[in-house]
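Remarks on the overall topology
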Number of protein chains: 2
Amino acid sequence: MPDHPHASPAGTLIAAHGGRLTRTRVAVLEVLLAAGQSLTHDEIGVALSRNGIKHDRVTLYRTLDWLVGAGVAHRMIGNDRARRFGVAVSGPHEHPHFHCDRCGKVVCLEGAQPAVAVSLPGGYRLDRTELLLHGVCASCDKGP
Amino acid sequence: MPDHPHASPAGTLIAAHGGRLTRTRVAVLEVLLAAGQSLTHDEIGVALSRNGIKHDRVTLYRTLDWLVGAGVAHRMIGNDRARRFGVAVSGPHEHPHFHCDRCGKVVCLEGAQPAVAVSLPGGYRLDRTELLLHGVCASCDKGP
DNA sequence: GTGTAATTGCAACATAGTAGCATTTGACGC
DNA sequence: GCGTCAAATGCTACTATGTTGCAATTACAC
């Protein structure tokens, strides 16, 4: 394992949120940073194993919960009812998502959330809106 | 139990889709029609029991699958990662949904989906967009 | 180095949904 | 009405996803 974990971007990010710097946290965050897209617990677990990081299923869940609580990562629910995690790039999570109906991949779209005007029933209070685009991603569209 | 199941709106709807008219199907569809909002399998199960309809958990899943396959009902995933079912009122499911973050209730909003312009990465193909509004519903906002 | 509270790892539990298969039953022809 | 038969049901058992409790370990402050 690297002997200067504080030097990595992941380590810096964790320290900045007052968390203890542990093997699993650094590794998970590095996976998320490298992925550039949302991943399920399972995909993250596989990536950790590939990187030679021994870990427990529960620890992974708790690590991700901590990352979400610290505002470092965000969580969303896919059509397959599995939660997906990604790094929270810019504060509140106010940008559209694209969900590939073929492979289940979820990517964050860069453009800001377009303002939408919807009439809510009386008494309802709106906190935030989430725009989800469904379709087929580039890699799935090429291959069969 | 009623002795003329074909006479009910639920019975007519089922027959129109070439399905067999069974106790569970009629009862489930009646519950959905009466609800006016999306329900989880569990909520539907409770409603069935209240109506004195004996049923099995698996049968309920399969009944709901059939209803979705026949285009009579639609399915969506809530933040609690449970599937919710509702009657498909108007063909494709192209209207916004409101999700109450307090009680988890999901309601279909009547207004049509506003057109949104989002730039998709190259090679991505868009099928449909889903607009999800998060907030607190009227009944949750009143009571603590 | 030592103390201590945050993390981890394990086992058990919980919830949502699916699969296989024997039994029951709705629809249809008679 | 009565028999036939595939569709639908009701079991049991299983998978997948996620959570809880608790004892052992470990990062960090001193």
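For every chain, the first residue of the written sequence is number 1, and numbering continues from 1 along that sequence. Whichever chain is written first becomes A and whichever ligand is written first becomes 1, with later ones labelled in order. Since the coordinates come from a predicted model, pLDDT governs what is reported: local features require at least 70, and pairs of side-chain atoms require 80 or more to be given and counted, while whole-chain, interface and lining totals use all residues. Here the side-chain values reflect all heavy atoms present in the structure, with hydrogen atoms and water set aside.

Helical segments are the DSSP runs of H or I of at least four residues, strand segments are the runs of E of at least two, and each set is numbered from the N terminus. Scanning chain A from terminus to terminus reveals five helices and six strands. When accessible area is computed with a 1.4 Å probe and restricted to protein chains, residues below 20% of their type maximum are described as buried, those above 50% as exposed, and intermediate ones as partly exposed. Put simply, chain A has 144 residues, and 41% of those count as buried. In the structure as shown, chain A presents an accessible area of about 7,900 Å², 53% of it carried by carbon and sulfur atoms. Shrake-Rupley sampling with a 1.4 Å probe provides the accessible areas, and residues are treated as covered by the protein chains on show and by no other component.

Before going further, it helps to examine the sheet that holds strand E6 (residues 125–136) of chain B. Two strands are said to pair when DSSP picks up at least two bridges between them. Strand order in the open sheet made by the six strands is E5(A)-E4(A)-E6(A)-E6(B)-E4(B)-E5(B), with mixed pairing throughout. Either end of the sheet is taken by a strand with one partner, and the two such strands are strand E5 (106–108) of chain A together with strand E5 (106–108) of chain B. Taking the axes of each pair of neighbouring strands and ignoring which way they run, one obtains an average angle of 25° across the sheet. Examined bridge by bridge, strand E4 (residues 97–100) of chain B and E6(B) share four bridges and lie parallel to one another. Orientation is described by axes fitted as lines to C-alpha atoms, over the contacting stretch for helices, and by angles from 0 to 180 degrees between their N-to-C directions.

Turning next to empty space enclosed by the protein. Residues and elements named next belong to chain B. Cavity means a closed set of points on a 1 Å grid over the protein atoms alone, one where a 1.4 Å probe fits but cannot get out, pocket means an open set with protein on both sides within 12 Å along at least 5 of 7 lines, and lining means a residue has an atom within 4 Å of a point. Grid points are joined across faces, edges and corners, and a volume is the space filled by probe spheres set on the points. The tally for this structure, following the rule as stated, stands at one cavity of 30 Å³ or more. By volume, the largest cavity is sized at about 60 Å³. Along the walls of the largest cavity sit Met76, Ile77, Gly78, Asn79, His97, His99, Val106, Glu130 and Leu132, which together make up its complete lining. Elements that contribute at least two residues to the lining of the largest cavity include exactly strand E2 (73–77), E4 and E6. When grouped by side-chain class, the residues that make up the lining of the largest cavity number four nonpolar, four polar and one charged. Residue polarity is assigned by list, with Asp, Glu, Lys and Arg as charged and Ala, Val, Leu, Ile, Met, Phe, Trp, Tyr, Cys and Pro as nonpolar; anything else, Gly included, falls into the polar class.

Residue and element names in this part refer to chain A. In spatial order, the strands read E1-E3-E2; together these three strands make up an open sheet with antiparallel pairing. Each edge of the open sheet is held by one strand with a lone partner, namely strand E1 (39–40) and strand E2 (73–77). The pairing of E1 with strand E3 (residues 83–87) spans two bridges and is antiparallel. Note on E3: the bridge partner recorded for Thr40 is Arg84.

Glancing now at the pattern of salt bridges. Residue and element names in this part refer to chain A. Any Lys or Arg side-chain nitrogen found within 4 Å of a carboxyl oxygen on Asp or Glu counts as a salt bridge. Applying the stated criterion across every chain, the model contains four salt bridges over all chains. Linking Asp65 and Arg75 is a salt bridge whose minimum nitrogen-to-oxygen distance equals 3.0 Å. Of this pair, Asp65 sits in helix H4 (residues 57–69) while Arg75 sits in strand E2; the two residues are 10 residues apart in sequence, bridging distant segments of the chain. Residue classification places Asp65 among the partly exposed residues on the basis of a relative accessible area of 41%. According to the relative accessible area criterion, Arg75 is partly exposed, its value standing at 35%.

It is worth spelling out the pairing of E4(B) at this point. Residues and elements named next belong to chain B. Every second residue of E4 is oriented toward a common face, with His97 and His99 on one face and Phe98 and Cys100 on the other, all of them buried. Direction of pairing for E4 relative to E5: antiparallel, over a ladder of three bridges. The residue bridging His97 from the neighbouring strand is Cys108, located in E5.

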